[in-house]
Amino acid sequence: MTDPRNPAIAATLLRLSLGMLFIAHALLKYFVFTLPGTAQFFASLGLPGVLGYATFAAELVGGVLLILGLKTRIVALALVPVLLGATWAHAGNGWLFTSPNGGWEFPAFWTVTLIVQALLGDGAYALRPSYPEPAGHAA
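My aim in this report is to walk through the structure given alongside it, one point at a time. (Residues numbered from 1 in each chain as written. Predicted model: local features only at pLDDT ≥ 70, side-chain atom pairs only at ≥ 80, totals over all residues. Heavy atoms only, no water.)

### A look at the layout of surface pockets
(1) Moving on: Approximately 750 Å³ is the volume attributed to the largest pocket.
(2) Moving on: In terms of lining residues, the largest pocket is bounded by 28 residues, among which K29, F41, F42, A86 and H90 are the most central.
(3) Moving on: If one sorts the elements of the lining of the largest pocket by residue count, helix α4 (residues 72-90) sits on top with eight residues.
(4) Moving on: Of the residues belonging to the lining of the largest pocket, the class tally is 18 nonpolar, eight polar and two charged. (1 Å grid on protein atoms, 1.4 Å probe; cavity = no way out; pocket = protein on both sides within 12 Å on 5 of 7 lines; lining within 4 Å. Points joined across faces, edges and corners; volume = space filled by probe spheres on them. Helix = DSSP H or I, 4+ residues; strand = E, 2+ residues; numbered from the N terminus. Nonpolar A, V, L, I, M, F, W, Y, C, P; charged D, E, K, R; others polar.)

### Quick word on helix α2 (residues 35-44)
(1) Moving on: All buried positions along α2 are accounted for by L35, T38, A39 and F42. Around the axis of α2, the buried residues are gathered within 100° of arc, so they sit on the same side. Seen from the buried face of α2, the exposed residues on the opposite side, beyond 90 degrees, are Q40 and S44.
(2) Moving on: Looking at the packing, one finds that the buried side of α2 touches α1 (6-33) and α3 (50-68).
(3) Moving on: Between the side-chain oxygen at the start of α2 and the backbone nitrogen of G37 there is a gap of 3.1 Å, and the oxygen is on T34. (Buried < 20%, exposed > 50% of the residue type's maximum accessible area, 1.4 Å probe, protein only. Arc of directions from axis to C-beta. Contact = heavy atoms within 4.5 Å. Polar contact = N/O pair within 3.5 Å; in protein donor to acceptor, adjacent residues only side chain to side chain.)

### Looking at the pattern of salt bridges
(1) Moving on: As enumerated under the stated definition, the model contains one salt bridge in all.
(2) Moving on: The closest approach of N and O atoms between K29 and E59, which form a salt bridge, is 3.1 Å. Pair noted here: K29 is in helix α1 and E59 is in helix α3, with a separation of 30 residues, a long-range link.
(3) Moving on: Judged by relative accessible area, which is 13%, K29 ranks as buried. (Salt bridge = Lys/Arg side-chain N within 4 Å of Asp/Glu carboxyl O.)

So this is what it looks like as C-alpha cells:
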C-alpha cells in the first residue's frame, strides 16, 4: 500500500465520483424537478429563481470537467459555493439527509470533498492537468 501512485489514483477516484455525482444532480434537476421547478424551489427559499438555472449549469458543466480532468482544482473550488448554498438551503431540515426535505450533512460533506479535490489536484488520467506534477511524483 505504499506505492507512490496511490495518491494519484485516489485523487482520480475522487475526481470521477465527484463529477458523476454533479452530473447526476444536474440531470435530476432537468428530468425530475424540471428547470422551471428548480427555479421555483430557489424562489421559495427567497433566492432569485435564475440561480436554479445557474446551479444546473454549474453542476452539469462542472461534473463533465471533473470527469475529464480539465482544470480540476479551479473547477472544484468554483463548485464550493454551490454546495455551501445547498448546505444553507437544507440547514433548517436537521442533520441527516434522510430528514424530510433533506438534512445538511450530505452537502456539507460534499463541500469538504471538493476542497480535498482542490488540494489533491487532478490525479491520474486527467485530460489536461491543472498543474505540472512535481519532479519525482508519479501521476
